Structure formats: structure tokens, C-alpha cells
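# Residue-level structure breakdown
Chain by chain, the residues:
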Amino acid sequence: MRAVDEDVAAATRLIESLAPGDGTVQFRTPLAVDECRWFVLAVETGVVSFRECPTECFRFKKWGASGPDHFDTPDGKPRHLFSKPGAPEAWLNREYVPHLAAYAYAILDRGYDGITSSFSRYRTFSRDLIAKRSGQSYETDAEFYDRDGRVHLQIEAKASPSQTAALAAAIERHGTLSGLPSAAAKEIEYVLDLAPRSLWVVGPGSIDPPTFVYRVEMNGPLDASFTRIADLPAPPGDP
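Heads up: these notes are all about the structure in this document. It should be emphasised that the depicted structure is a prediction, and the values quoted were computed from it without experimental measurement.

### Some remarks on the packing of aromatic side chains
Taken as a whole and judged by the stated rule, the model has 12 aromatic pairs. Ring geometry for tyrosine 103 and phenylalanine 119: centres 5.3 Å apart, planes at 65°, overall edge-to-face. Taken together, the positions of tyrosine 103 in helix H4 (residues 96-108) and phenylalanine 119 in strand S6 (residues 117-124) put the pair 16 residues apart, joining distant regions of the chain. Accessibility assignment for this pair places tyrosine 103 and phenylalanine 119 in one class, buried. What links up through ring pairs into an aromatic cluster is the set Phe39, Phe50, Phe71, Tyr96, Tyr103, Tyr112, Phe119 and Phe144. Residue placement shows lysine 84 over the ring face of tryptophan 91; its charged tip is 4.0 Å from the ring centre.

Laid out in C-alpha cells, this is it:
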């Protein structure tokens, strides 16, 4: 196994190599060892493939600048590790580092199937919920599906350890979606629409091992309960 400092150094070099233009990369939230290790493995194994922006890329059209940080979601939607290409400072979308790392960890270490998954998926709410209304758009970080199409594991990724711990603490303190403070409830209100079997709240330092994992149970149309479990659930098998 590589040394801790080598994991961080490798991820730093990789991220800096993907910055568009000549912008310098500022890591305002320091990189954690586990996100570094699995982010690099995501690239080395092809779970995610970065490339130069194609001419039809929305960011290229908006900014008139390309970059090597373009990648595609499983359903072919364009995403970027950085925003605002051409700026003196490369604007790292910090959440994508633990986001991609956790997604790769589920696939490479736990045997989840990337084919039956989504990443950075845009949806619209199918009905009125607590704060959200039918037709409002939202984005989920990652989903892995059962054979029947139900969300088996939902990943909610955060950019920093403090954001991750704050959401997890609120979930554990209150136990139900209806009991959460408004700000925390809005972050995961989509569980009422998607009814995932399990939710993994993840950020730097809580990927390997998975720290904040919850079994989700629906309590009627406008509430859900969360029970912390010790590890990620096994991938869905044959019915």
C-alpha cells in the first residue's frame, strides 16, 4: 500500500494536471488520504475518464476555453472538475473529489455495478413534498439500482469534513426527515421522491471506511426514518 503522503501527492499532481489553462489550484479544504487514494484509482481504472472539452461542450461554448477536466456521466452528460476556465485561479469543484472517490470505492472495492448506476443526475420532483414542489429540478450525486430499478444505495457527497459531519449529526440527532432542521432536510428531501433503501453521506475522510451510512424507511408520503448501519449494504443480487 502506498504511503499516506504519496497518495495525497499523487492526487494533487493529477488534479493540478487537469486544471484548464494556466490557472493555479487552491485547495481551501485540504485533501484527505482516502479521497485521494480512490480518486486516483477512479482515473487509473477508467471509472472516470477525463478528456479535453469537445467543441459542442456547454462550458466551451460559454467561456470560449477548453480544458482537460471534461468527463461524462454514465448516461453521457458532460461534467467538469473545474469551473470558470481561463481565470487566474482554477476554480476546483471541490465536492467532485470525494464524490468521484466514493463512487469508485463502491464499484472497485464493494462490487457495485457502474452500469446500473447514475452520477450527477438531474431530476424533477414528481410530487409536492415538505419544502419542494412538483416539477422543481434537483440533482442527486450518485445512485445504484436494484434489478427492479429501485435505488439500492444513494450517495450524498459533501465538499468538506465539517459539512459531512454536520449533516450526519443532524440525521442521527433527529432520526426522521420531518424532525430535521429545515436546512438539513432540504439537502436530502429527495429521499421522499426516490425512496432509497440506504443513504451514504460522504465527504473527505469518511469514504474508506464508509462512516455515515443509514438504512432508510419510508414513514408515509412525507416522512422517512434513518437508522445508522455499520457498513455499506452489499450490492443488490439476483431476485
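Past the structure itself, the notes keep going.
### Quick look at the pattern of salt bridges
A side chain of one charge can pair with a side chain of the opposite charge if their charged atoms are brought near each other. Counted under the stated rule, the structure contains 13 salt bridges. Between aspartate 231 and arginine 110 there is a salt bridge whose closest N-O contact spans 2.9 Å. Here the residue aspartate 231 occupies a position in the segment after strand S11 (224-229), and arginine 110 occupies one in the loop between H4 and S6, the gap between them amounting to 121 residues. Its relative accessible area of 32% is what places aspartate 231 among the partly exposed residues. With a shortest N-O distance of 2.8 Å, glutamate 172 and arginine 228 are connected by a salt bridge. Placement of the pair is glutamate 172 in helix H5 (residues 161-174) and arginine 228 in strand S11, with a sequence separation of 56 residues. With relative accessibility at 40%, the residue glutamate 172 sits in the partly exposed group.

### A word on unusual backbone geometry
With an omega of 5°, the peptide bond running from aspartate 208 to proline 209 counts as cis. A positive phi angle, close to 50°, is found at serine 120, a residue other than glycine. If you trace the backbone, serine 120 turns up in strand S6. The class of serine 120 is buried, set by a relative accessible area of 1%.

### A look at the packing of helix H2 (residues 33-44) against H4
Two elements in contact, H2 and H4, have axes whose closest approach is 8 Å; the angle formed by their N-to-C orientations is 70°. By the angle between their axes, H2 is roughly perpendicular relative to H4. On H4, the residues that touch Glu35, Trp38, Phe39, Leu41 and Ala42 of H2 are Val97, Pro98, Leu100, Ala101, Ala104, Tyr105 and Leu108. Taken together, the residues of the contact of H2 with H4 sort by class into 11 nonpolar, no polar and 1 charged.

About the criteria used
- Residues numbered from 1 in each chain as written.
- Predicted model: local features only at pLDDT ≥ 70, side-chain atom pairs only at ≥ 80, totals over all residues.
- Heavy atoms only, no water.
- Phe/Tyr/Trp six-rings, centres within 6.5 Å; stacked < 30°, edge-to-face > 60°.
- Helix = DSSP H or I, 4+ residues; strand = E, 2+ residues; numbered from the N terminus.
- Buried < 20%, exposed > 50% of the residue type's maximum accessible area, 1.4 Å probe, protein only.
- Lys NZ or Arg CZ within 6 Å of the ring centre and 35° of its normal.
- Salt bridge = Lys/Arg side-chain N within 4 Å of Asp/Glu carboxyl O.
- Axes fitted to C-alpha atoms, helices over the stretch in contact; angles between N-to-C directions.
- Parallel < 35°, antiparallel > 145°, perpendicular 65-115°, else oblique.
- Contact = heavy atoms within 4.5 Å.
- Nonpolar A, V, L, I, M, F, W, Y, C, P; charged D, E, K, R; others polar.

Nothing here speaks to function; it is all geometry.
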